[in-house]
Number of protein chains: 2
Amino acid sequence: MLDPHLDRPLFRQLADALRDQIITGQLTPGSAVPSIKALEHRYGVSRETIRRALAALRVEGLVVAERGYGTRVVDEQPREQVKVPRGARVRSRMPTEAERAELGIEPGAVVPVLVVTLGGRVRGVYAADRVELTFS
Amino acid sequence: MLDPHLDRPLFRQLADALRDQIITGQLTPGSAVPSIKALEHRYGVSRETIRRALAALRVEGLVVAERGYGTRVVDEQPREQVKVPRGARVRSRMPTEAERAELGIEPGAVVPVLVVTLGGRVRGVYAADRVELTFS
DNA sequence: GGACATTTGTACGTATGTATC
DNA sequence: CGATACATACGTACAAATGTC
């Protein structure tokens, strides 16, 4: 399955394989990703390789890890519609630690924030996986 | 400086220290972050701990790593102003690999994308570190 | 509550590959 | 070509959180 001789790093090959399983529905939202130990046996690579592959998927926002429990495919939540006033400007970036805490972004989840400003003043900071901005 | 007995993991303490140096201007945009070896000596922790700290800062979009050269503090670019039409909706998420390639997001950089849709159809996908949406 | 197995998190060591200077 | 610097990948050990019996 994984080929150390390919140009692509092993952990990326593994991430590709798992991503494919998520996209094709073999791993469904909310379901558990096989444990690190299981993946070690399944793919014959070391723990670090597994962990880096899972870390890459976390960065893509596809999975979240929970200590003592396991890693699961993210279950998309219904999004709140947030109205953006005229004249506003919108940026997106990664949150600071303080923002993570305030917005309740789970440790291990990689979620951008949407920042709405009006006249240079911040009007709102939103976790990007829970809102959709509307311009109307 | 770093204290293994604190509740906070070493690599996060180190990330905090480096982030502080960036925010306070001791490490200026575009300047080099000390090399992994230098940081090993400076803080007395292992290479992996250093790398995880730097990885955390990359996830925050504060630094980028360049193989064979080093790690440097990101230099914020002037942002293109993109007008959003009435009725549009905007989401933000992490890019797919294909989008990364298309938008020219460097490997190792953690940059969200802004997705503008109108009537359910995608009108634009932008690298979040290079644009600001305006609604007027 | 306590004991235990499972699972992820953290942290160290070591070796090799690859790109830049 | 050599030195430097980051990337990948193996191994090991212990800590911390969770669930089960």
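J.: Would you mind going over the environment of Ile-105 of chain A with me for this structure?
T.: Residue and element names in this part refer to chain A. Tracing the chain through its elements places Ile-105 in the loop between α4 (97–103) and β6 (113–118). The buried category is assigned to Ile-105, whose relative accessible area is 7%. Along the primary structure Ile-105 and Thr-28 are separated by 77 residues, whereas in three dimensions their C-alpha atoms are 22 Å apart.

J.: I keep staring at the protein's contact with DNA strand D and nothing clicks. Help me out?
T.: Neighbouring DNA strand D are 21 residues, the closest being Leu-10, Glu-48, Thr-49 and Arg-52 of chain A together with Arg-51 of chain B. Residue Thr-49 of chain A places a side-chain N or O atom 2.2 Å away from a phosphate oxygen belonging to DNA strand D. At 3.2 Å from a base nitrogen of DNA strand D is found a side-chain nitrogen or oxygen belonging to Arg-47 of chain B. Here the element with the most residues in the surface near DNA strand D is helix α3 (residues 47–59) of chain A; it accounts for 3 residues. Considered class by class, the residues forming the surface near DNA strand D number 7 nonpolar, 7 polar and 7 charged.

J.: For this particular structure, what's the right way to read the sheet that holds strand β1 (residues 32–33) of chain B?
T.: Strand pairing in a sheet relies on backbone hydrogen bonds. The paired strands run either parallel or antiparallel. Residues and elements named next belong to chain B. The 3 strands lie next to each other as β1-β3-β2, forming an open sheet whose pairing is antiparallel. Edge strands, defined here as strands with exactly one partner in the open sheet, are β1 and β2 (63–66). Both β2 and strand β3 (residues 70–73) contribute to a ladder of 4 bridges, which runs antiparallel. Opposite Val-63, over in β3, you have Val-73 as the bridge partner. In the packing of helix α3 (residues 47–59) onto the sheet, contacts are made with β1, β2 and β3, and the angle to β2 comes to roughly 120°.

J.: Where do I start with the packing of aromatic side chains in this structure?
T.: Between two aromatic rings, the relevant description is the distance of the centres plus the angle of the planes. One pass over the full model with this rule turns up 1 aromatic pair over all chains. An angle of 85° between the planes, with centres 5.0 Å apart, marks the rings of Phe-135 of chain A and Phe-135 of chain B as edge-to-face. Remark: Phe-135 of chain B occurs in the segment after β8 (131–134) and Phe-135 of chain A occurs in strand β8 (residues 131–135); the pair is interchain, linking two chains. Using a relative accessible area of 0% as the deciding quantity, one classes Phe-135 of chain A as buried. Sitting over the ring of Phe-11 of chain A, Arg-52 of chain A keeps its end group 4.3 Å from the ring centre.

J.: It is not clear to me how the relation of the copies chain B and chain A should be interpreted in this structure. Could you clarify?
T.: Each copy of the chain is related to the other by a rotation around an axis and a translation along that axis. In screw terms, the move from chain B to chain A is a rotation of 180° and a rise of 0.1 Å along the axis, fitting with an RMSD of 0.1 Å. This pairing of chains is accounted for by a two-fold axis. The position closest to the rotation axis in chain B is occupied by the C-alpha of Pro-112 of chain B, lying 3.2 Å away. Here 100% of the contact residues of chain B are again contact residues in chain A; the copies associate through an equivalent surface.

J.: In this structure, what is going on with the sheet that holds strand β3 (residues 70–73) of chain A? I would like to understand it.
T.: Read across the sheet, 3 strands follow the order β1-β3-β2 (chain A) without closing on themselves; strand pairing throughout is antiparallel. Looking along the sheet, the strands with just one partner apiece sit at the ends: β1 (32–33) and β2 (63–66) of chain A.

About the cut-offs
Residues numbered from 1 in each chain as written. Chains lettered and ligands numbered in written order. Predicted model: local features only at pLDDT ≥ 70, side-chain atom pairs only at ≥ 80, totals over all residues. Heavy atoms only, no water. Helix = DSSP H or I, 4+ residues; strand = E, 2+ residues; numbered from the N terminus. Buried < 20%, exposed > 50% of the residue type's maximum accessible area, 1.4 Å probe, protein only. Near = heavy atom within 4 Å. Polar contact = N/O pair within 3.5 Å; in protein donor to acceptor, adjacent residues only side chain to side chain. Nonpolar A, V, L, I, M, F, W, Y, C, P; charged D, E, K, R; others polar. Pairing = 2+ DSSP bridges. Contact = heavy atoms within 4.5 Å. Axes fitted to C-alpha atoms, helices over the stretch in contact; angles between N-to-C directions. Phe/Tyr/Trp six-rings, centres within 6.5 Å; stacked < 30°, edge-to-face > 60°. Lys NZ or Arg CZ within 6 Å of the ring centre and 35° of its normal. Least-squares fit on C-alpha atoms with pLDDT ≥ 70 in both.

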